[in-house]
Amino acid sequence: MGQTVKPHQILLLDNASSDGSVEIVRRIPSVQLLALDSNTGFARGNNLAIAAISNESQWIALLNPDAFPEPQWLEMLLAAVQSRPEFDVFGSKLVSASDPTVLDGTGDAYHMSGLPWRKAHGIPVSAQDENECEIFSPCAAAALYRRNAFEKVGGFDEDFFCYVEDVDLGFRMRLVGYCCLYVPQSVARHVGSGTTGGKHSDFSVYHGHRNLVWTFVKNMPGVLFWLLLPLHMALNVVSIFWFAVRGKGAVILRAKRDAVLGLPTMWRKRQQLQKTRVASIRDIWRVLDKRFLPTRREI
């Protein structure tokens, strides 16, 4: 990666790729390879990788195969760790891999309806994006997590497989009192859905729209769940119509059907999760996006 700060350990998890890249990695002695026999998805893959990392590592930096970090990417994240000790999660500035003058995102936002998206996706890079600020959660394509915080909340939810799993993780971390900082000096070029056929592929639509239901049901606390549930249901109805008129009716209906089928499991997870909540309703309400019509979203 050509980083100005060398990581204590570099581990590459291969989710049963078939492009021959594993053989290339085997020839790099500084990289520990964890090659799997089947594709376990982003969530379980990262959990397995983090479990395999030395216990001496207190911070875990995640980097997707379609994210390409600038040389100071890790150095700037670690500098933020030192200067802002009140935060336990740090997100990078993502710029488009094809046009670095355009933002891919400045962290994940979460709307009160249960709709997640990458902030500032698709808009030109500007001086305004150079200010550190609190964000709901980082895009896990390029992010840094305090290891004991990650492990305390159980890591990524493996039922999600991929998509929205980083928002779900960020929500769970918020519920127990952890917060996330956007670090604009830490920059990575990001393709975005580079390994799943694009953000509007059947794969992306299915997992993204199934998992956004599960994220809301699991995490939205107390009275906010019941107050915002009608809005969340309206979001799902609108999503079905939106994708249906674009020829994705079958996949969006399958996503919502499977979301409903998974609700008993998610409700059990909710009951356990809400027992451990320390954040107040006010704390969560503060960080939700409450605009009537959110813009610049990627789902």
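Below is a summary of the structure that appears in this document. (Residues numbered from 1 in each chain as written. Predicted model: local features only at pLDDT ≥ 70, side-chain atom pairs only at ≥ 80, totals over all residues. Heavy atoms only, no water.)

1. Things to note about the pattern of salt bridges
Under the defined criterion, the tally for this structure stands at 19 salt bridges. Ionic pairing is found between Asp 157 and Lys 269, a salt bridge with its closest N-O pair at 2.8 Å. Within this pair, whereas Asp 157 is found in the loop between helix H4 (147-152) and helix H5 (165-175), its partner Lys 269 is found in helix H8 (residues 263-275), the two being separated by 112 residues in sequence. For Lys 269, a relative accessible area of 27% translates into the label partly exposed. Each of Asp 157, Asp 159, Asp 168, Arg 172, Lys 218 and Lys 269 takes part in a single network of salt bridges with overlapping partners. (Salt bridge = Lys/Arg side-chain N within 4 Å of Asp/Glu carboxyl O. Helix = DSSP H or I, 4+ residues; strand = E, 2+ residues; numbered from the N terminus. Buried < 20%, exposed > 50% of the residue type's maximum accessible area, 1.4 Å probe, protein only.)

2. A closer look at the packing of helix H6 (residues 202-219) against H8
Where H6 contacts H8, the axes come no closer than 7 Å and their chain directions differ by 35 degrees. In the packing of H6 onto H8, the handedness of the crossing is right-handed. Across from Val 213, Trp 214, Phe 216, Val 217, Lys 218 and Asn 219 in H6, the residues of H8 making contact are Leu 263, Met 266, Trp 267, Lys 269, Arg 270, Leu 273 and Gln 274. (Axes fitted to C-alpha atoms, helices over the stretch in contact; angles between N-to-C directions. Left-handed = near helix turned anticlockwise from the far one by under 90°. Contact = heavy atoms within 4.5 Å.)

3. Concerning the packing of aromatic side chains
Within the structure shown, the criterion is met by 16 aromatic pairs. One aromatic cluster is present, built from ring pairs that chain together Phe 42, Tyr 145, Phe 150 and Phe 156. Note that Arg 254 overlies the ring of Tyr 206, its terminal NZ or CZ placed 4.4 Å from the centroid. Between the NZ or CZ atom of Lys 290 and the centre of the ring of Trp 285, over which it lies, the distance is 4.9 Å. (Phe/Tyr/Trp six-rings, centres within 6.5 Å; stacked < 30°, edge-to-face > 60°. Lys NZ or Arg CZ within 6 Å of the ring centre and 35° of its normal.)

4. With respect to H8
In this model, H8 (13 residues) spans 18 Å end to end at C-alpha, consistent with the 18 Å of a helix rising 1.5 Å per residue. When we look at burial in H8, the residues that qualify are Met 266, Arg 270, Leu 273 and Gln 274. Down the axis of H8, the buried set is contained in an arc of 90 degrees. They therefore lie on one face. Those residues of H8 that are exposed and aimed more than 90 degrees away from the buried face are Gln 272 and Lys 275. On its buried face, H8 sits against H5, H6 and helix H7 (222-261). (Expected span 1.5 Å × (residues − 1). Arc of directions from axis to C-beta.)

5. Brief notes about H6
The terminal C-alpha atoms of H6, which comprises 18 residues, lie 26 Å apart, in line with the 26 Å expected from a rise of 1.5 Å per residue. Among the 18 residues in H6, 16 count as buried, and that is most of the element.

6. Details of the environment of Asp 88
Relative to the helices and strands, Asp 88 resides in the loop between helix H3 (73-83) and strand S5 (89-96). Using a relative accessible area of 11% as the deciding quantity, one classes Asp 88 as buried. Sequence spacing of Asp 88 and Asn 236 is 148 residues, and the spatial spacing of their C-alpha atoms is 32 Å. Leave out the neighbours within four places in its chain, and Asp 88 touches Trp 59, Leu 144, Tyr 145, Arg 146, Ala 149, Tyr 178 and Cys 179. Polar side-chain contacts of Asp 88 include one of 2.5 Å to the side chain of Arg 146. (Polar contact = N/O pair within 3.5 Å; in protein donor to acceptor, adjacent residues only side chain to side chain.)

7. So, the side chain of Asp 14
Tracing the sequence through the fold places Asp 14 in strand S1 (residues 10-14). No salt bridge forms around the buried Asp 14; measuring N to O, its nearest opposite-charge neighbour Arg 26 is 7.6 Å away. Residues contacting Asp 14, with those up to four places away along its chain left out, are Ser 21, Val 22, Leu 33, Leu 34, Ala 35 and Leu 36. (Lys, Arg positive; Asp, Glu negative; His and termini not counted.)

Geometry only, nothing functional implied.
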